[in-house]
Amino acid sequence: MHDPEHDPDWPDVFDILEERDVEVVGAGLDVPAPELAALHTLLSAAERQIADRYKSERDRAHSIVARGRLRQLLGTRLGVDPAGVALEVSTHGKPALGSAHHGAGLAFNLSHSGKLAAYAFTRRRAVGIDIEQLRDIPDAERLAARFFSQTESDALRAIDAGERNRAFLACWTRKEAFVKAIGEGLTHPLSSFDVTIAPDGPARLTRIGTVAGDSLGWSMASFRPRDGYIGAIVTSDD
Ligand SMILES: CC(C)(COP(=O)(O)OP(=O)(O)OC[C@H]1O[C@@H](n2cnc3c(N)ncnc32)[C@H](O)[C@@H]1OP(=O)(O)O)[C@@H](O)C(=O)NCCC(=O)NCCS
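Because the structure is predicted, anything quoted here is derived from the model rather than measured.

Q: Mind showing me how you'd approach the sheet that holds strand β10 (residues 211–212) here?
A: Whenever strands of a sheet pair, they do so through backbone hydrogen bonds, lying parallel or antiparallel. In spatial order, the strands read β8-β9-β10; together these three strands make up an open sheet with antiparallel pairing. A single partner strand is all that each edge strand has here, and the edge strands are β8 (193–195) and β10. Relative to β10, strand β9 (residues 205–208) is paired through two bridges, and the arrangement is antiparallel. By the bridge assignment for β10, Arg-207 is matched with Ala-212.

Shown next as C-alpha cells:
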C-alpha cells in the first residue's frame, strides 16, 4: 500500500503563478490512501491501465494523482464533472481537450518531477510547461554538448561550477517547455533554438532556427514551484 508521509508544506493543490490569462497550479503527488482512491474513480479505463503499468506502487500512485488532479482542475475550469472531461492525445503525445470542449478555448499542459506536478492553463494559445527537481547533474557539460545549442553549451561552460546544475536545469526546463508548447516534445531538435540559461536571469527564447531576436512569437518565464524545484512555461503570443 502506498504510504505517503503527511507533509503540511505540501498542500493538495496550490497556485504557483497567475499572469494575464496564464495560470500555473501545483499539486503534491503523495496523498493519503482515501484521496488516492477517490482520484482513481475519476480516471478513464485507459488512464487506469497506464497507471497499472508502473511496477512501483509509488509511481502508480503518482500517475493516478497527476491525472486525477488534471481532471479536477479541468473540470472546474470547464464547469463539467472531472470524470466526464474528454481528453485526446496528439501524434507526439501532447494531451488536449476533446472536441466537446473546444468552445471553451482552454489549453493546458502538465509536467511532473519528484513528488510534484505542475499544470499550466491558458485560453486560445499554445502552452507548454516543464518542472524538474533540483539535483546533481554530474555530466551536465557532456549532456549540454550533446543536446543544447552551441550558444547554450558555451554559456553553461562559462558559468561558475557551483551554479552549473541549476543553470543546466533552468536551460533544460525552458527548452522542454518550448518543445511541449509546440507539441513535438523531444522529437523536436533541442539544438535548433536558443534560450537564456542564467537561472536567476530572465527566461527568454532568443533564436528559432535561423531567426534570432526578442519577438519570436512566444513568451517564456521561469518559476520556482516549490523549494528544491525549478520550472518554466512557454505560451504562444496569440
Ligand atoms: C513528452 C516529453 C517532452 C516529456 O518530458 P518529461 O520531462 O519526461 O516529462 P514531464 O513530466 O515534463 O511531461 C510529461 C507530460 O507531458 C505531456 N506530454 C507528453 N507528450 C507531450 C508532447 N509531445 N507535447 C507536450 N506535452 C506532452 C503529458 O501530459 C505527460 O504527462 P502524462 O504522460 O502523465 O500525461 C518527452 O518525454 C518526450 O518528448 N518524449 C518523446 C515524445 C514522443 O515522441 N513520443 C512518441 C509517442 S510514444
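Q: Help me understand the environment of Ser-219, please; the structure alone is not making it clear to me.
A: The topology assignment puts Ser-219 in strand β11 (residues 218–223). Note on Ser-219: 19 C-beta atoms within 10 Å, which makes it partly exposed. Residues Ser-219 and Leu-78 lie 141 residues apart in sequence; the distance between their C-alpha atoms is 25 Å. Discounting residues that sit within four places of it in the chain, Ser-219 has contacts with Thr-235 and Asp-237.

Q: Would you explain the site of the ligand in this entry?
A: Near the ligand, the surroundings consist of 18 residues, among which Gly-93, Lys-94, Ser-111, Gly-185 and Leu-186 are the closest. Secondary structure elements with two or more residues in the shell around the ligand: β5 (106–113), β7 (127–133) and α6 (164–181). If you tally residues by element for the shell around the ligand, the top one is β5, at four residues. Within the shell around the ligand, the residues separate by chemical class into four nonpolar, nine polar and five charged.

Q: So what exactly am I meant to see when it comes to the domain arrangement of the protein chain here?
A: When the parts come together, some accessible area is lost, and that loss is often what is quoted as the size of the interface. The domain architecture assigned to the protein chain consists of domain 1 (13–124) and domain 2 (130–236). The interface of domain 1 with domain 2 comprises 17 residues on the first partner and 16 residues on the second. Listing elements by their share of the side of domain 1 that touches domain 2, those giving two or more residues are β1 (13–19), β2 (22–28), β5 and β6 (116–123). Broken down by element, the side of domain 1 that touches domain 2 gets its largest block of residues, four residues, from β6. By residue class, the composition of the side of domain 1 that touches domain 2 is seven nonpolar, nine polar and one charged.

Q: When you look at the pairing of β9 in this model, what are you seeing that I'm missing?
A: Put simply, side chains in a regular strand alternate between the two faces of the sheet. Examined bridge by bridge, β8 and β9 share three bridges and lie antiparallel to one another. Residue pairing across strands places Phe-193 opposite Ile-208, the latter belonging to β9. Where β9 hands over to β10, the hairpin turn is made up of two residues, of which Gly-209 adopts a positive phi near 60°.

Reading guide: rules and limits
Residues numbered from 1 in each chain as written. Predicted model: local features only at pLDDT ≥ 70, side-chain atom pairs only at ≥ 80, totals over all residues. Pairing = 2+ DSSP bridges. Helix = DSSP H or I, 4+ residues; strand = E, 2+ residues; numbered from the N terminus. Buried ≥ 20, exposed ≤ 12 C-beta atoms within 10 Å, placed from the backbone. Contact = placed C-beta atoms within 7 Å. Near = placed C-beta within 6 Å. Nonpolar A, V, L, I, M, F, W, Y, C, P; charged D, E, K, R; others polar. Domains from an automatic or database assignment.

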